[in-house]
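Examination of the molecular architecture
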Amino acid sequence: LTGRTEGRAAAWANGWLARLASYERRYLAVDGGGGARLLARLPALGTRLRPVSSPRHAEVLLACEPISRRLSPSLLELYRAMPRPRRAVVVGEPGPEHFPRADLVRLEDFLPNVERISADRSSPAEVAQRLLTLPLQFDESPSKPQLEPMTIPLPGKQEREIATELVVLSLGPVQPCTAGPLRVLLSCDGEQIVSAHIEAGYATRDVAGAMTQATGMEIAGLASALDPLAPVAGRLAYVTALEQLQHWEPEPTLGRQREAALALERVQNHLAWLVRFAEILADDRLTDDARRLEASLAEVSREFWEQSPVEWLAPQTPTVPTRYGGRPPRLERLAAEVAALRDRLARNRVLALRTAGIGVLPVDRLHAVGASGPALRASEHGREDVLGRLLTRLDEAADDIRNVEAGLKPAPMNRLRPAEQGIAQWSAPPGKTEVAISGPRGHIGLSLVSDGASLHQVAWRRPSAALLGLLPELLAGQKLADAEAIIASLDLAMAEADG
Amino acid sequence: MSALGTALFVGLGLLLGAYSIAVLERLTVLGLRQFSVAVIAPLAQAAALLRQENLVPRGADRLLFRSAPLAAVAAVALAALVVPLGPGLRGFDPSIGLFYFIVVLGPFVIAMMNAGWSQNAKEGLFGTFRAAAYLLSYEVPLGFAAIGPVMAAESLSTVRIVEAQASLWYGAWQPLGLVIYVVAALFMAYRRPFDIPQAGGELEGGVLAEYTGPRLLLFNLALNALFLLLSAMGVVLFFGGWHGPLLPGPVWFLIKTLALAALLLWAGRFLPRLRHDQMLSLAWKVLLPASLVNVALVGILVMVLPGGGW
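Basis of the calculations
- Residue numbers run consecutively from 1 along every chain, following the written order of its sequence.
- Chain A is the first chain written and ligand 1 is the first ligand written, with later ones labelled in order.
- For a predicted model such as this one, the threshold for reporting local features is a pLDDT of at least 70, and the threshold for listing and counting side-chain atom pairs is 80 or more; totals across whole chains, interfaces and linings nevertheless cover every residue.
- Excluding hydrogens and water, the side-chain values take into account all heavy atoms of the structure.
- Candidate patch residues must exceed 30% relative accessible area and have no salt bridge, after which like charges are joined if within 9 Å and Val, Leu, Ile, Met, Phe, Trp or Tyr side chains if within 5 Å.
- Accessible surface is estimated by sampling points in the Shrake-Rupley manner with a 1.4 Å probe; for residues, cover comes only from the protein chains shown.
- Every case where a carboxyl oxygen of Asp or Glu lies within 4 Å of a side-chain nitrogen of Lys or Arg is listed as a salt bridge.
- Numbering of helices and strands starts at the N terminus; helices are DSSP runs of H or I of at least 4 residues and strands are runs of E of at least 2.
- The criterion used for residue contact is that any of the two residues' heavy atoms lie within 4.5 Å.
- Here a Phe, Tyr or Trp ring, Trp counted by its six-membered ring, pairs with any other such ring whose centre lies within 6.5 Å, and the pair is stacked when the planes are under 30 degrees apart, edge-to-face when over 60, and tilted otherwise.
- Between buried and exposed lies partly exposed: a residue is buried under 20% and exposed over 50% of the maximum accessible area for its type, with that area taken using a 1.4 Å probe on protein chains only.
- By definition, being over a ring means that NZ of Lys or CZ of Arg is both within 6 Å of the ring centre and within 35 degrees of the ring normal.
- The span expected for a helix works out to 1.5 Å for each residue beyond the first.
- Note on bend: the value at a residue is the angle between axes fitted to the seven residues ending there and to the seven starting there.
- Note on pairing: two strands pair once DSSP finds at least 2 bridges between them.
- For every element, the axis is a line fit to its C-alpha atoms; helices are fit only across the contacting stretch, and the angle between N-to-C directions ranges from 0 to 180 degrees.
- Cysteine sulfur pairs qualify as disulfides if the two atoms are within 2.5 Å.

1. Structural notes on a nonpolar patch on the surface
- Together, B:Ile96, B:Phe99, B:Val103 and B:Leu156 make up an exposed nonpolar region whose accessible area comes to about 340 Å².
- In this fold, B:Leu156 is placed in the loop between α5 (122–153) and α6 (158–163).

2. Quick word on the environment of B:Phe101
All names here are of chain B.
- Within the fold, Phe101 resides in helix α4 (residues 97–117).
- Between the C-alpha atoms of Phe101 and Val83, which are 18 residues apart in sequence, the distance is 8.3 Å.
- What Phe101 contacts, discounting residues up to four positions off in sequence, is Ala79, Val82, Val83, Leu229, Leu230 and Met233.

3. Thoughts on the packing of aromatic side chains
- Using the criterion set out here, one finds 10 aromatic pairs over all chains in the structure.
- For the ring pair B:Tyr134 and B:Phe187, a centre distance of 6.4 Å and an interplane angle of 85° mean the geometry is edge-to-face. Note that B:Tyr134 is positioned in helix α5 and B:Phe187 in helix α8 (residues 175–188), a separation of 53 residues in sequence.
- A ring pair is formed by B:Trp266 and B:Phe270, whose centres lie 4.8 Å apart and whose planes are at 70°; its orientation type is edge-to-face.
- According to the relative accessible area criterion, B:Trp266 is partly exposed, its value standing at 47%.
- A cation over a ring is seen here: A:Arg48 above A:Tyr23, with NZ or CZ 4.4 Å from the ring centre.
- The ring centre of A:Trp273 lies 4.5 Å from the NZ or CZ of A:Arg393, which sits over that ring.

4. Describing helix α3 (residues 62–80) of chain B
Residue and element names in this part refer to chain B.
- With 19 residues, α3 extends 28 Å from end C-alpha to end C-alpha; this agrees with the ideal 27 Å at 1.5 Å per step.
- Of all the bends in α3, the greatest reaches close to 35° and is centred on Ala68; the proline Pro69 follows between one and four positions later.
- For α3, the full list of buried residues reads Phe65, Ala68, Pro69, Ala72, Ala75, Val76, Ala79 and Ala80.
- If you follow the buried residues of α3, they end up packed against α1 (3–30), α4 and α10 (213–238).

5. Comments concerning the side chain of B:Asn294
Residues and elements named next belong to chain B.
- With respect to the secondary-structure elements, Asn294 resides in helix α12 (residues 276–304).
- By relative accessible area, Asn294 is classed as buried at 3%.
- In this structure, Asn294 is in contact with Phe144, Ala145, Leu176, Gly177 and Ile180, ignoring residues within four places of it in sequence.

6. Some details on the sheet that holds strand β13 (residues 455–461) of chain A
All names here are of chain A.
- With respect to topology, three strands assemble into an open sheet ordered β11-β12-β13, the strand pairing being antiparallel. Whereas interior strands pair on both sides, the edge strands pair on one side only; in this sheet they are β11 (431–439) and β13. Strand-to-strand twist across the sheet, computed as the mean angle between neighbouring axes with direction ignored, equals 15°.

7. Here's the deal with the state of the cysteines
- In this structure the tally under the stated criterion is zero disulfides over all chains.
- With no disulfide of its own, A:Cys64 lies 16 Å from the sulfur of A:Cys177, the closest cysteine sulfur.

8. Observations concerning the environment of A:Leu78
All names here are of chain A.
- Note that Leu78 resides in helix α3 (residues 72–81).
- Measuring from C-alpha to C-alpha, the distance between Leu78 and Leu28 comes to 9.0 Å, with 50 residues separating the pair along the chain.
- The contacts of Leu78, once residues within four sequence positions are left out, are Leu28, Val30, Pro55, Leu61 and Val174.

Listed below in C-alpha cells is the structure:
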C-alpha cells in the first residue's frame with residue numbers, strides 16, 4: 001500500500017512538473033537552408049520560446065528542410081547530445097521528390113518521434129504554437145552516427161608567430177551565422193585564428209540539374225527554390241529568361257511591379273539578416289529594433305498584392321492584381337525608421353568597438369572573385385569592414401523600401417483586377433539567353449540553353465558562392481570571438497551557395 | 001539565530017533572490033506587459049531542468065564536473081552570510097566582513113573554470129581560459145572601488161559601513177567608485193556585456209555548454225545569486241544599506257538591491273557583448289587607473305573634511 005501511495009505521489013509530482021515545464025520551450029534551431037526567415041521571427045512571436053546554442057540546453061530540435069544526407073550525421077549527433085525528455089520537429093520545404101538529383105533525406109528516417117510541420121502550415125505563428133504544445137518524450141537514443149574521417153591542412157610552424165599548440169575548433173555545420181549549414185574549421189592559437197578551412201555542400205540540391213529534367217511550371221518552382229530566402233529573385237530570373245527567349249518585353253508598369261516585388265524581397269532579407277546579426281552580437285536593443293522592423297514590414301507587405309509575387313510572377317502576364325490603394329505612407333515611415341536606426345548605429349561607438357576594423361574585404365579581392373551585392377558596394381564606398389557592411393545593408397534597405405513605394409504607386413495599377421491577368425506562356429523556344437537579377441545578396445545570374453522541348457543547359461551564378469571562397473583569408477588573423485560576426489556580415493545563404 | 005537557522009535563512013533567501021533576478025532578467029527583455037510570463041517562465045525552466053537527465057559527457061573529469069555547481073553555490077552561500085539585510089539581520093558580522101566577502105566569492109570563478117575544464121571539450125576549455133583571464137581584471141578594480149567606503153567608514157565591517165551612511169550615502173560623494181564597482185560587478189557576475197566566458201556563440205555556451213538538468217539548474221541559481229549578492233553589496237557600500245524612511249530596514253534593503261540589479265540588467269541590454277581583449281583593456285587601462293584616482297580622491301576628502309568625509 002505504501003509503495004502504491006509513493007508511486008502515485010511520484011506520478012502526481014512528475015505530472016505537475018511536466019505541466020509546469022511545458023510553459024516554456026528551449027529549442028535548438030537547425031537551418032538546412034530554407035529556415036532563416038522563420039528562425040529570425042520565431043523568438044519574437046513566442047515569448048515562451050527560447051533559442052539556445054548548446055544541444056545540452058535544448059528540449060526540442062527544430063530543423064528546417066531541406067536536409068541533405070551529408071548534414072544528417074550532425075543532426076543525429078545533436079539529437080543524441082540533447083537530454084531527455086526531448087523531441088525533434090521538422091518544418092517541411094519541398095522534399096526529396098522535388099530534387100531528384102539531390103541526396104536529400106527526411107528527419108523521420110533517422111530520428112525517433114519526429115513531429116512534421118508541413119510547408120503550407122509553416123507560418124511562424126503556427127510553428128511557435130506547435131512548439132509550445134508539443135509533448136516531450138523519454139525516447140531511446142538513436143545509434144551513433146557514422147562520421148566520415150576528416151583531415152584538414154594546418155599551417156606550418158614557421159607560418160605562426162609564436163610556436164604553440166594549435167586547437168582546431170569546428171564552427172558548424174549547424175550554426176547561426178549563415179542562413180543554412182556551413183562548417184568552418186578554425187585553427188586557433190589561443191584566441192587568435194591562424195587559419196580557416198571551409199566545408200560547404202551541406203545544402204546541395206542540384207537545382208540546375210533538376211531544372212533540365214523538369215517541365216513547364218515545375219521549372220519555375222525549382223528556380224524559386226534556388227535561394228529559399230529569395231524565391232522572387234530566382235523565379236524572376238527564370239521568367240525574364242523565358243521572356244527573352246520568347247522575344248517579349250514587359251510593359252513599364254509591369255516592370256515596376258516586378259522591381260517592387262524584388263525590392264521588397266531584398267528588404268525582407270536584409271531585416272531578417274539584421275535580426276540574426278544582432279543576436280550574434282548579443283545586442284538586445286538592436287535585436288528588438290530589428291525584429292520590430294521586420295514584423296512591421298511583414299504586416300505592411302501583406303497589403304500589397306492579392307497573391308504573393310512568387311505566384312503571380314509568370315512569363316507574358318501583362319498585369320498584376322494589386323490591393324495597394326494609396327493608404328497612409330506606412331512604407332515611407334518604415335523607410336524613415338530604418339534610416340534612423342542606421343544613423344543611430346553609425347554613431348554608436350560601442351558597436352563600432354565591436355565591429356569596426358574586423359573582417360576587412362578589399363574591393364580588388366571582391367572584384368577578383370566576381371562578388372556583387374551589398375558586400376561589394378560597401379567596399380566600393382570605402383566601408384570594407386563588418387560595420388561598413390551593416391550600415392550599407394541598412395542604407396540599401398531604406399532605399400529599397402522607397403523603391404517598393406514607388407513601384408506600387410502608379411494609379412492605374414490600383415484599378416487592376418485578377419480577371420485582367422494574361423495567360424502565362426511557360427514554353428521555352430529554342431535558343432540561348434542570359435539574365436542577371438539583383439537579389440538580396442548580389443546578382444543572381446541565369447544562363448539557359450533550350451532546344452524547344454526542354455532546357456538543354458542551365459547554369460546559375462550564385463552571389464553567396466563567390467563570397468564563400470573569401471572566408472579563409474577573411475578569418476585568418478582575426479580573433480575567435482569575432483569569427484561569427486565576420487561570417488554573418490557576409491549574409492551567406494548556403495542553399496543558394498551550394499546550388 | 002542558530003547555525004541551522006542561519007543556514008536555512010540564507011539558503012531560502014538566495015533561492016528567492018535568484019528567482020527574483022530571473023524574473024527581473026525576463027522583465028527587462030519582455031517588458032511589464034508580459035509580467036505573468038516573466039513570473040512563471042523561470043519556474044517552468046526550473047521544473048524542466050529538474051525533470052531532465054543529468055548527463056556527464058564522455059571522458060569528463062567526473063569529480064570536477066559534478067562538484068563545480070556545488071562549489072559555485074557554496075561560494076555564494078558563504079559570501080551571503082556577511083550581507084546585512086537590516087539592523088541585526090545578518091549571518092554574522094566579522095570585523096573584516098567586506099574582505100571576507102571578496103575573498104570568499106573568489107572560488108566562484110574556480111568553480112566556473114572547473115566546469116569548463118572538466119568537460120573534455122574544446123569549447124569548455126576556451127571558456128575556462130576566458131574566465132581565468134578575467135579573474136584578476138575585475139578583482140583588482142572591485143577591491144579598489146570598495147576601499148573608498150572602507151576609508152570613509154574606517155572599518156571593513158559591512159554593518160559599520162552601512163551605519164556610517166545614516167546621513168548621506170557614499171554613492172552621493174563617491175560616484176566614480178560606484179561606477180567602477182558596478183562595472184566590475186557585471187564582470188564578476190558574467191552579465192551582459194561581459195558574459196563571453198559562458199555565452200560566446202562560437203563556444204556554444206562556453207563553460208556551461210555540457211551541463212544539463214539539475215546541475216545546470218544549480219549553476220543558473222548560483223549565477224543569479226552571485227549577481228544578487230553583488231547588487232546587495234553595492235547597496236551596502238554606496239546606497240546606505242537598510243537606511244530609508246517609513247518602511248522597515250530590510251524592506252528598504254530589498255527594494256534598493258532589486259532596483260540596482262534591474263538597472264544593471266537593463267543597462268546591459270544596450271551594449272553588444274564585448275570581446276575578451278576589449279574587456280581586459282577596459283579593466284586594466286580604464287577601471288584600474290580610475291579606481292586608483294578614486295582612492296586618492298576619497299583619501300583627500302576624508303583627510304580634509306572634518307569628521308571623515310561627510
